[in-house]
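# Analysis of the macromolecular model
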Amino acid sequence: MSDNLLKNADESGVYHLVTSRQSTIEAAARHERFCVLTADIAKHSSTQDVLVQLGSALNFPIWYGANFDALNDCLTDPDWEPAKGHVLFINGLARLRSSDPADFATLIEVLQSAAETRRALHLPFWVLIDAPARGITMLAEA
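Note that the structure is predicted; figures quoted are calculated from it, not measured. (Residues numbered from 1 in each chain as written. Predicted model: local features only at pLDDT ≥ 70, side-chain atom pairs only at ≥ 80, totals over all residues. Heavy atoms only, no water.)

## Section: the nonpolar core
L54, L71, L75, L107 and I129 are the most contacted members of the largest nonpolar core, which totals 36 residues. Counting only elements with at least two residues in this core, the list comes to β2 (35–40), α2 (47–57), α3 (68–76), β3 (86–91), α4 (93–99), α5 (101–120) and β4 (125–129). Looking at this core, the element that brings in the most residues is α5, giving seven residues. Not counting the four nearest positions on each side in its chain, L75 is found in contact with L58, F60, W80, L88, L111, A114, R118 and F125. (Core = buried A, V, L, I, M, F, W, Y, C linked by side-chain atoms within 4.5 Å. Buried < 20%, exposed > 50% of the residue type's maximum accessible area, 1.4 Å probe, protein only. Helix = DSSP H or I, 4+ residues; strand = E, 2+ residues; numbered from the N terminus. Contact = heavy atoms within 4.5 Å.)

## Overview of the packing of aromatic side chains
Applying the stated criterion across every chain, the model contains three aromatic pairs. Arranged with centres 5.6 Å apart and planes meeting at 65 degrees, the rings of F60 and W80 form a pair that is edge-to-face. Linking F60 in the loop between α2 and α3 with W80 in the loop between α3 and β3, this pair joins segments that are 20 residues apart in sequence. One aromatic cluster is present, built from ring pairs that chain together F60, Y64 and W80. Above the plane of the ring of F104 lies R97, whose end atom (NZ or CZ) is 6.0 Å from the centre. (Phe/Tyr/Trp six-rings, centres within 6.5 Å; stacked < 30°, edge-to-face > 60°. Lys NZ or Arg CZ within 6 Å of the ring centre and 35° of its normal.)

## Side note on the environment of W63
By secondary structure assignment, the location of W63 is in the loop between α2 and α3. Residue classification places W63 among the partly exposed residues on the basis of a relative accessible area of 48%. Between the alpha carbons of W63 and P78 there is a distance of 15 Å; along the sequence they are 15 residues apart.

So, in C-alpha cells, the structure goes:
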C-alpha cells in the first residue's frame with residue numbers, strides 16, 4: 001500500500017475493506033498520526049442499537065441522540081476528535097444489512113455525506129466498512 005493513499009483527502013470517503021487488511025491500514029493511519037477508531041457492531045441488529053454502539057465506539061459527546069441526523073452532526077463537527085485525518089473502521093455491518101436493508105442504506109448515505117463534508121475541507125476522512133454495499137468500492141492497493 002502506498003504511504004500516500006491515506007494522506008490524499010481527495011481520495012478519502014467510504015470504502016469496503018476486507019478485514020484481513022485492517023491492521024495494515026490501521027498501522028499506516030497511526031503512522032500518519034490520524035485519529036483511528038473502530039466500531040464493532042456485529043452483535044447489534046436493530047438500527048437503534050447500532051447507532052448507540054457507533055456513538056460509544058466513536059467517542060461522541062453526551063448530547064449525541066443516536067439517530068441518523070445526530071450521527072451526521074457528530075461526524076462533521078470540527079470539534080469531534082480533532083486530528084489531521086480520521087480512519088474509522090466499522091465492522092459487523094452484514095447483520096444490519098440483513099435485518100434492515102433500508103436503514104443500512106441510510107447509514108451508508110450518512111457516512112458518505114460526512115466523508116464528502118470532510119473532503120470539501122481537505123481533511124482526510126476514511127470510513128472503512130467490512131460489508132459490501134451498493135455504490136461502495138473496495139479500497140484498492142495503491
